[in-house]
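Summary of structural features
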Amino acid sequence: MFYIDPHIHMVSRVTDDYETLARMGCLAVSEPAFWAGFDRGSVEGFRDYFRHLTEVEPRRAAQFGVQHYTWLCINAKEAENVELSREVIAAIPEFLDRPNVLGIGEIGLNKNTRNEATVFLEHVELALKYDLPILIHTPHLEDKYMGTRMILDMLADFPQLDPGRVLVDHVEEHTVRDVLQRGYWAGMTLYPVTKCTPKRAVDIIEMYGTERLLVNSAGDWGPSKPTAVPDFIMEMRSRGHAFEAIQQVVLENPMQFFGQSPNFKLQVPGRQAAALK
Ligand SMILES: [Zn+2]
């Protein structure tokens, strides 16, 4: 089955992973900017990272017929340094016309601090200024519920922001309802140890339906599985869900959300280009 992985950090994966994703039916990946495993020393480190995301990874993906898209920001872990964050936010527009950039992300909170909130708000203003969609990281484990509430409250202060252009990622059972009720898209991250498992993600689909829900692997440096979306597909199939419902979650929903960005141009094999409009 064809699918899109809407959140995966390919800079931390080997080239063989692209080949495996292609064999599994992955048509496109979307890679939000994140923490490198260490705090970068200057804005130049981010300029190099943004070149990696907009030049190197699309080339690596294209060898296997996989389209590579990306989102730019300074992540919440490094947002504690507000001065550096502002330099990075000022540099982002230099890269916004690169052909694989979809929007601003993954912005959000990590430890729910005041500085993180300041930098989050400045990213939202940047996205509004350039009329771009937003991809949001919600905190891990014990900080998730409070952090998600803080993020939703901050977003509510932007009446001009269309919730249909915001994806709130890493939702779990205790945060998904609020996100969907307020009109945002919600992403479930399938991790082997923390976050959601494929079984729990299917449980959530069975409770909330297939509208505005996405699943991703968030494959990165840590314990993670780049083929977690196919695991979700297998779990949906084994429970007897209709092909159309599975396809909506793993292909149609990401296409609809990403399609709001002018740079998203995905050809689905066997479909007329006109059918995508
Ligand atoms: Zn991520």
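Before going into details, it helps to say that this report is about the structure given with it. On a predicted model such as this, the values are computed, not experimentally measured, just so you know. (Residues numbered from 1 in each chain as written. Predicted model: local features only at pLDDT ≥ 70, side-chain atom pairs only at ≥ 80, totals over all residues.)

Cis peptide bonds are those with omega within 30 degrees of zero, and the linkage from glycine 105 to glutamate 106 qualifies with -10 degrees. Its identity as a non-glycine residue notwithstanding, histidine 170 has a phi of 60 degrees, on the positive side. You can see histidine 170 is positioned in the loop between β6 (166-169) and α6 (176-181). Since 26 C-beta atoms lie within 10 Å of it, histidine 170 is described here as buried. Look at alanine 218: it is not a glycine, yet its phi comes out positive at around 45 degrees. With respect to the helices and strands, alanine 218 occurs in the loop between β8 (213-216) and α8 (228-238). (Helix = DSSP H or I, 4+ residues; strand = E, 2+ residues; numbered from the N terminus. Buried ≥ 20, exposed ≤ 12 C-beta atoms within 10 Å, placed from the backbone.)

Time to look at the sheet that holds β6. On the basis of which strands lie adjacent, the open sheet formed by eight strands has the order β1-β2-β3-β4-β5-β6-β7-β8 and parallel pairing. Looking at which strands have only one partner, the edges of the open sheet turn out to be β1 (3-5) and β8. For this sheet, the mean angle separating the axes of adjacent strands, direction not counted, is 25 degrees. In terms of strand pairing, strand β2 (residues 26-32) meets strand β3 (residues 67-72) through five bridges, oriented parallel. Bridging across to β3, valine 29 finds its partner in histidine 68. In the packing of helix α4 (residues 114-129) onto the sheet, contacts are made with β4 (101-108) and β5 (134-137), and the angle to β4 comes to roughly 165 degrees. (Pairing = 2+ DSSP bridges. Axes fitted to C-alpha atoms, helices over the stretch in contact; angles between N-to-C directions. Contact = placed C-beta atoms within 7 Å.)

Before going further, it helps to examine the packing of helix α7 (residues 198-208) against α8. Running from N to C, α7 and α8 cross one another at 55 degrees; their axes reach a closest spacing of 9 Å. What the angle tells us is that α7 and α8 run oblique. Read as a crossing pair, α7 and α8 show a hand that is right-handed. Residue-level contacts link Pro198, Lys199, Ala201 and Val202 of α7 to Ala228, Asp231, Phe232, Glu235 and Met236 of α8. For the contact of α7 with α8, the per-class residue count stands at six nonpolar, no polar and three charged. (Parallel < 35°, antiparallel > 145°, perpendicular 65-115°, else oblique. Left-handed = near helix turned anticlockwise from the far one by under 90°. Nonpolar A, V, L, I, M, F, W, Y, C, P; charged D, E, K, R; others polar.)

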